[in-house]
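# Results of the structural survey
For reference, the chains in residue letters:
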Amino acid sequence: MAYGVLLSLSSFGLFLMNEDVTKGLSSLLTVLLIVVPLVSILFTTIYIFNSYEFIELLVAQPLKRSIILFGLYAGVGISLLAVFWIGIGLPAIIFDGTVVSWYFLLSGSLLTVVFVSLAFLASVVTRDKTRGIGISILLWFYFSLIFDGILLMVMFAFSDYPLEKLTILISCLNPIDLARIMVLLKMDISALMGYTGAVFNQFFGSSIGIIVSVLAMLTWVIIPIGIALRVFKEKNL
Amino acid sequence: MKLITKRLSIQFDEGSPPFKFLHSIMLHYLVSCSIIILFASFSISAVAREITVKSGTKINTIQKALNLAQNGDIIKVTESTYYVEDILIDKSISLIGIGKPVLDGQKKSNVIIISAPQVTINGFVIRNSGFSNIKDKAGIRVEKCDRVRILNNLLENTCFGIYLAKVNGGTISGNIIRGNNSVIQSGNGIHLWYSNHINIYNNKIYGQRDGIYFEFATFCEISHNLSENNHRYGLHFMFSNNDNYAYNIFRNNGSGVAVMYTKHIRMINNTFERNWGSSSYGLLLKDISRSYISNNTFAKNTSGIFMEGTNEVKVERNIFLNNGLAVRMLANCEKDTFLLNNFLGNTFDFTTNGSENLNYLKGNYWDKYSGYDLNRDGKGDLPYRPVSLYSQIIEKLPSAVFLLRSFVAELLDEAEKALPSLSYVNLYDTEPSMHIIR
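Rules used throughout
Residues numbered from 1 in each chain as written. Chains lettered and ligands numbered in written order. Predicted model: local features only at pLDDT ≥ 70, side-chain atom pairs only at ≥ 80, totals over all residues. Helix = DSSP H or I, 4+ residues; strand = E, 2+ residues; numbered from the N terminus. Buried ≥ 20, exposed ≤ 12 C-beta atoms within 10 Å, placed from the backbone. Contact = placed C-beta atoms within 7 Å. Pairing = 2+ DSSP bridges. pLDDT = per-residue confidence, 0-100. Core = buried A, V, L, I, M, F, W, Y, C linked by C-beta atoms within 7 Å. Axes fitted to C-alpha atoms, helices over the stretch in contact; angles between N-to-C directions. Parallel < 35°, antiparallel > 145°, perpendicular 65-115°, else oblique. Left-handed = near helix turned anticlockwise from the far one by under 90°. Nonpolar A, V, L, I, M, F, W, Y, C, P; charged D, E, K, R; others polar.

### Details of the overall build of chain B
A count of helical and extended segments in chain B gives five helices and 39 strands. For chain B, with 438 residues in total, the buried portion stands at 41%. For chain B, contacts bridging at least 24 residues in sequence account for 45% of all contacts bridging at least 6.

The structure is reproduced here in structure tokens:
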């Protein structure tokens, strides 16, 4: 609830404050890339640890563990997605309504499910609540900041080489980067990006690029939840 | 005459009493002058004849009328469509269209060629000039003559619209030039070559290669024109000194406006907007010196002003709104001043490619400025550094643009505010304004 109120407040506020819709969208992009992953991963982790006893109860019933896990996943994911759609999606479509806001929605939804999935991983690898939350915060911190920092350093170190194609590949390793590039290239700001931007545009702007990046994001959903499932199946609760 | 009165009244509009007094004297002088000229023109018109071109009469083509005409005559052309090619006007006559007659060039060559002084062309629809990659074919071509007046015409589907070569003095006003939107086949809307003292105002130019093109054109006035959706530049200046342009709108052109290899240009109250694309500029200044850029609006351009080899240019009281880069100033610019400009909502305010700075910034308003003003004099107490750390990184490492709008990029700029020594570009506004400058 609070998350929904926060999101809708921030998005309505940003749109109403900025007369220029694209500027509102670009401010909202920052919210999208920082707040959405953080809240998704933290909320899910806390939720799982808080309902641990309930999960134990469910496990005692004649139910498959995978069904329990996916049920949980669907419950949390759908509620977070719904909040995201109401909080950011609705204002974005009302105020903007162009193709950019649809990309906004697509990448935001994908980010939400990716980080819910990561949260499941974080909360099954440990029994300790504090440690679980710690892991999830670390994951968020890694994807939103450390990864890009390292990438920047690598770019500096290898600045003599043509890195554009490589960065496309590397960006697949970070769902937040993928989401950012997907939206950025649809916003008119892409003209700023010059030659490098042209390379990105060629790839991510094409339909193949979009399919590849969506698939990469989906991989980011499947792999963590897959590992989490394996761990959860074997686990002694 | 009316135009001159208007100009003078603009000049004296400042409104202090002695000026007003002077103004009224000037007006009296002008009124009496114009009465004398009116009489003079009446006495001329007593001599000048009027020839009317009308289908069904004996004079049914413009060429027949031209053959009959002498210097000073007026040829009135009534409403109809005339199929013509290279009409040569070699007498000082006025060609006046009644009810917008159409001159169709049948896509062969030029439509009208003027080679006599004091010719007026007023009120025609001129369409379908020829197109050629070797010869510049135009709707109206003016060659080596003085004081030409081209007024209130509509030019459609012409290669070049109005083409002036070696013309001294003249007026081009109230024309609408509409290109055929073909990138390969289009020429310039209004093209000036080795001409001087030409007034160009109230024209509208769409879909040509360059909207207005100046090469070796000096002492010209360009005002109140609209140049929109042209393929290359809205206005293109080369080697054209001492020109003024004011109150023009340059919108959505392929690469904006380019002013090159020129000095003593005044650019005042123009609007440069929506010139958006990876190599597009609001205003491109290349090898310009001693010019004055004031009260212009730069909105939604990829680069608001791009400066290369620009020296002693004063940029004052302009508005830079929602541009990608408001100003890009290469390191070979020297002694330029930026005073009292507003920088609002630009992704980057300033970028440069060097660390040394020989230019001067003072009293501008920057919406990204976060300093304080303890003594409440309206000036920030800390200098503002408009070249952000992240833009310096992009300068060294173009692929870092990949991180645009990421958390890292924003964090870098915040870090620079806390630790100014991180930045190596020696460019700052010494007295940034705390309020938007009106």
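### Let's talk about the overall build of chain A
If you tally the helices and strands in chain A, you get 10 helices and zero strands. If you list the helices and strands of chain A from N to C, you get α-α-α-α-α-α-α-α-α-α. A fraction of 77% describes how many contacts in chain A between residues 6 or more apart in sequence connect residues 24 or more apart.

### Thoughts on the pairing of strand β25 (residues 257-263) of chain B
All names here are of chain B. By the bridge criterion, four bridges tie strand β22 (residues 235-238) to β25 in an arrangement that is parallel. The residue of β25 that forms the bridge with Leu235 is Val257. Strand direction decides the pairing type here: β25 and strand β28 (residues 281-289), joined by six bridges, are parallel. Bridge assignment links Ala258 to a residue of β28, and that residue is Leu284.

### Structural notes on the environment of Asn201(A)
Its location among the elements puts Asn201(A) in helix α9 (residues 194-204). Taking C-alpha positions, Asn201(A) is 29 Å from Ser117(A), a pair spaced 84 residues apart along the chain.

### Some details on the confidence of the model for chain A
The pLDDT averaged across chain A works out to 85; a share of 90% of its residues lies at or above 70. When pLDDT is averaged over each helix and strand of chain A, the minimum, 70, is found for helix α1 (residues 2-17) of chain A and the maximum, 93, for helix α6 (residues 129-157) of chain A.

### Quick word on the nonpolar core
Counting residues in each nonpolar core, the largest one holds 87 residues, and the members touching the most others are Ile140(B), Val257(B), Val259(B) and Leu285(B). The element best represented in this core is β28(B), accounting for five residues. If near-sequence neighbours (up to four positions away) are discounted, Val257(B) is found in contact with Tyr233(B), Gly234(B), Leu235(B), Phe250(B), Phe272(B), Gly282(B), Leu283(B) and Leu284(B). Of all hydrophobic cores here, the second largest spans 70 residues; its members include Ile48(A), Val114(A), Leu151(A) and Val183(A).

### Observations regarding unusual backbone geometry
All names here are of chain B. Although it is not a glycine, Asp86 adopts a positive phi angle of roughly 45°. The topology assignment puts Asp86 in the loop between β3 (81-83) and β4 (87-89). Of note in this structure, Tyr247 is not a glycine but carries a positive phi near 55°. Within the secondary structure, Tyr247 is located in the loop between β23 (244-246) and β24 (249-251). On the basis of neighbour counts, which here come to 16 C-beta atoms within 10 Å, the residue Tyr247 falls in the partly exposed class.

### Structural notes on the packing of helix α8 (residues 175-186) of chain A against helix α10 (residues 207-234) of chain A
Residue and element names in this part refer to chain A. Contact geometry for α8 and α10: axes closest at 10 Å, N-to-C directions at 155°. Taken together, the axes of α8 and α10 lie roughly antiparallel to each other. Where α8 crosses over α10, the handedness of that crossing is left-handed. Where α8 abuts α10, its residues Pro175, Leu178 and Met182 lie against Ser213, Ala216, Met217 and Trp220. Here the contact of α8 with α10 is built from residues that sort into six nonpolar, one polar and no charged.

### Section: the confidence of the model for chain B
Per-chain confidence: chain B averages 87 in pLDDT, with 89% of residues scoring 70 or above. Confidence metrics for the complex model read pTM 0.83 and ipTM 0.84.

### Quick word on the sheet that holds strand β13 (residues 160-165) of chain B
Residues and elements named next belong to chain B. As summarised here, the arrangement of the 12 strands in space is β4-β7-β10-β13-β16-β19-β22-β25-β28-β31-β34-β37, forming an open sheet in which the pairing is parallel. Both outer strands of the open sheet, β4 and β37 (348-352), are each paired with one neighbouring strand and no more. In this sheet, adjacent strand axes meet at a mean angle of 10° when their direction is disregarded. Pairing analysis gives three bridges linking strand β7 (residues 112-114) to strand β10 (residues 138-143), with the strands arranged parallel. Note on β10: the bridge partner recorded for Ile112 is Ile140.

### A word on the environment of Met260(B)
Residues and elements named next belong to chain B. Mapping Met260 onto the fold places it in strand β25. It is 21 Å that separates the C-alpha atoms of Met260 and Phe350, two residues lying 90 residues apart in sequence. When residues no more than four places from it in sequence are discounted, the contact partners of Met260 are Phe237, Met238, Lys286 and Asp287.

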